[in-house]
Amino acid sequence: MKSTSRVQTQFLSAQDVTTLVTRLGLPAALNGIADYIKQDFLRWQDFDKCARVASHSAGGVIELMPISDAKTYAFKYVNGHPKNTHVGLPTVMAFGVLADVATGVPELLSELTLTTALRTAAMSVVAARALARPDSRRMALIGNGAQSEFQALAFHHLLGIQEIRLYDTDRAATSKLMRNLQHSGLRLVACASIAEAVRGSDIVTTVTADKTNATILTPALIEPGMHINGVGGDCPGKTELHADVLRGASVFVEYEPQTRIEGDLQHLPADFAVTELWQVLGGHATGRSSASQVTVFDSVGFALEDYSALRFMRDTALALGLGQSVSLIPELPNPKDLFSLVRPGIQELALAA
Ligand SMILES: NC(=O)c1ccc[n+]([C@@H]2O[C@H](COP(=O)([O-])OP(=O)(O)OC[C@H]3O[C@@H](n4cnc5c(N)ncnc54)[C@H](O)[C@@H]3O)[C@@H](O)[C@H]2O)c1
């Protein structure tokens, strides 16, 4: 006789993840996710990869990001709607799943809005550790919205950045960042223009949201030895860097087929040479080769980073006793008898008729 099938899924709510990060501390959470990302990038060949599936509309995009190795499947649902903040909603919202490849059982369902900001900042640092000058201390941060504090703190705690030069077209966003990070130990300088923020910076992070081909950085702003962490150009028709900034630099990407469609790279011909970051992390390709070289990380956000972040959240939640079990999948005495769930009600209806 078969036993009743009982599938339980671990659920991490937005509150659970907030508690997790608070209990662990933000630097430890960023560091932990960066470690998981690096471990997974070092076994790049184990993953079945594809560019994400995007559904575009006038105001934004909704994307599904699947990835799998032989044991675990993951996907993230994420949107990007730059005008959302005008109606009181975040630009980026997300959730995701880890599932068992052998059976298809969904093992974890988790919020990924806060987690996306953490994993994007952690990924930026994993790239910058390989690409920025090791003596980098000053960063420009263009775009001071939801992602920005996480970028600032990741670069401060994990990479040693001491001063951040800020610019946003919305002054209130910059003031919000300065309030949030006033006790962070960072020196924060609000600037009147992009050029003022970028001048003399070792690293430039662009993390703006606008559904347009913006030119946040032009070649005239780029100085020898800079590392550019381009985060906000992540969709067809939504970019931040002038094409000549890429032409004058060594360009590094997450997953080339996806970045060719979505990254700032979309402005360049298909044969423009780029290097996938896993190759640098694994020692198969050179990252920065001189102190004067300009490097660009053309970040778009790849499914493997969410796979890593979901793994980190699952492991840490278990260790801290956070989250709850939920029944996403019905409990069945006979797995072939799904109808048993509705049979009593249907029979009652038939009797009443
Ligand atoms: N690469 C990745 O992995 C990844 C992950 C998450 C988000 N993103 C992208 O990062 C960007 C920022 O996301 P967010 O959640 O912080 O959005 P947000 O809307 O909260 O903040 C964006 C900020 O950019 C500012 N901005 C817009 N145009 C500007 C300009 N020309 N110059 C200076 N500032 C400008 C806005 O005023 C706003 O404060 C989005 O484009 C998002 O799609 C990328």
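Note: the structure precedes this text.
Values in this document were obtained by computation on a predicted structure and should not be read as measured data.

Draft legend 1. Examining the packing of helix H1 (residues 14–24) against helix H3 (residues 113–131) more closely. Relative orientation of the contacting elements H1 and H3 amounts to 40°, with a least axis distance of 9 Å. It follows that H1 is oblique to H3 by the angle criterion. Of the residues in H3, those in contact with Val17, Thr18 and Val21 of H1 are Leu114, Thr115 and Leu118.

Draft legend 2. Fine view of the pairing of strand S2 (residues 53–56). Taken together, the four bridges between S2 and strand S3 (residues 61–68) define a ladder with antiparallel strand orientation. Paired with alanine 54 across the bridge in S3 is glutamate 63. Hairpin connection, S2 to S3: the antiparallel pair is bridged by four residues.

Draft legend 3. Layout of the site of the ligand. Close to the ligand lie 27 residues; Thr91, Asp168, Thr208, Asp234 and Lys238 are nearest. A distance of 2.9 Å separates an oxygen atom of the ligand from a polar atom in the backbone of alanine 146. One of the backbone N or O atoms of glycine 232 is found 3.3 Å from an oxygen atom in the ligand. In isolation the ligand exposes 870 Å². Once the protein is present, 89% of that is buried. Element by element, the count of residues in the shell around the ligand is highest for H3, at three residues.

Draft legend 4. Just the packing of aromatic side chains, in detail. One pass over the structure, following the stated rule, counts eight aromatic pairs. A centroid spacing of 5.4 Å and a plane angle of 90° characterise the contact between tyrosine 36 and phenylalanine 312, whose relative ring orientation is edge-to-face. One end of the pair, tyrosine 36, is in helix H2 (residues 26–41); the other, phenylalanine 312, is in helix H10 (residues 303–320), with 276 residues separating them in the sequence. Across this residue pair, the class does not change: tyrosine 36 and phenylalanine 312 are buried. Ring centres 6.2 Å apart and planes at 55° place the aromatic pair tryptophan 44 and tyrosine 255 in the tilted group. Of the two residues, tryptophan 44 sits in the loop between H2 and S2 while tyrosine 255 sits in the loop between strand S14 (250–253) and helix H8 (256–262), which places them 211 residues apart along the sequence. Residues tryptophan 44 and tyrosine 255 agree in their burial class; the two are buried. One aromatic cluster in this structure is built from Phe41, Trp44, Tyr255, Trp278 and Phe302.

Draft legend 5. Region of the structure containing the pattern of salt bridges. What the rule picks out here adds up to 22 salt bridges. Aspartate 46 is the salt-bridge partner of arginine 43, the closest N and O atoms lying 3.2 Å from each other. Accessibility expressed as a relative area gives 44% for aspartate 46, which makes it partly exposed. Taken together, the shared-partner salt bridges in this structure form one network comprising Asp40, Arg43, Asp46, Asp69 and Arg311.

About the thresholds
Residues numbered from 1 in each chain as written. Predicted model: local features only at pLDDT ≥ 70, side-chain atom pairs only at ≥ 80, totals over all residues. Heavy atoms only, no water. Axes fitted to C-alpha atoms, helices over the stretch in contact; angles between N-to-C directions. Helix = DSSP H or I, 4+ residues; strand = E, 2+ residues; numbered from the N terminus. Parallel < 35°, antiparallel > 145°, perpendicular 65-115°, else oblique. Contact = heavy atoms within 4.5 Å. Pairing = 2+ DSSP bridges. Near = heavy atom within 4 Å. Polar contact = N/O pair within 3.5 Å; in protein donor to acceptor, adjacent residues only side chain to side chain. Areas by Shrake-Rupley, 256 points an atom, 1.4 Å probe, with all protein chains shown as cover. Phe/Tyr/Trp six-rings, centres within 6.5 Å; stacked < 30°, edge-to-face > 60°. Buried < 20%, exposed > 50% of the residue type's maximum accessible area, 1.4 Å probe, protein only. Salt bridge = Lys/Arg side-chain N within 4 Å of Asp/Glu carboxyl O.

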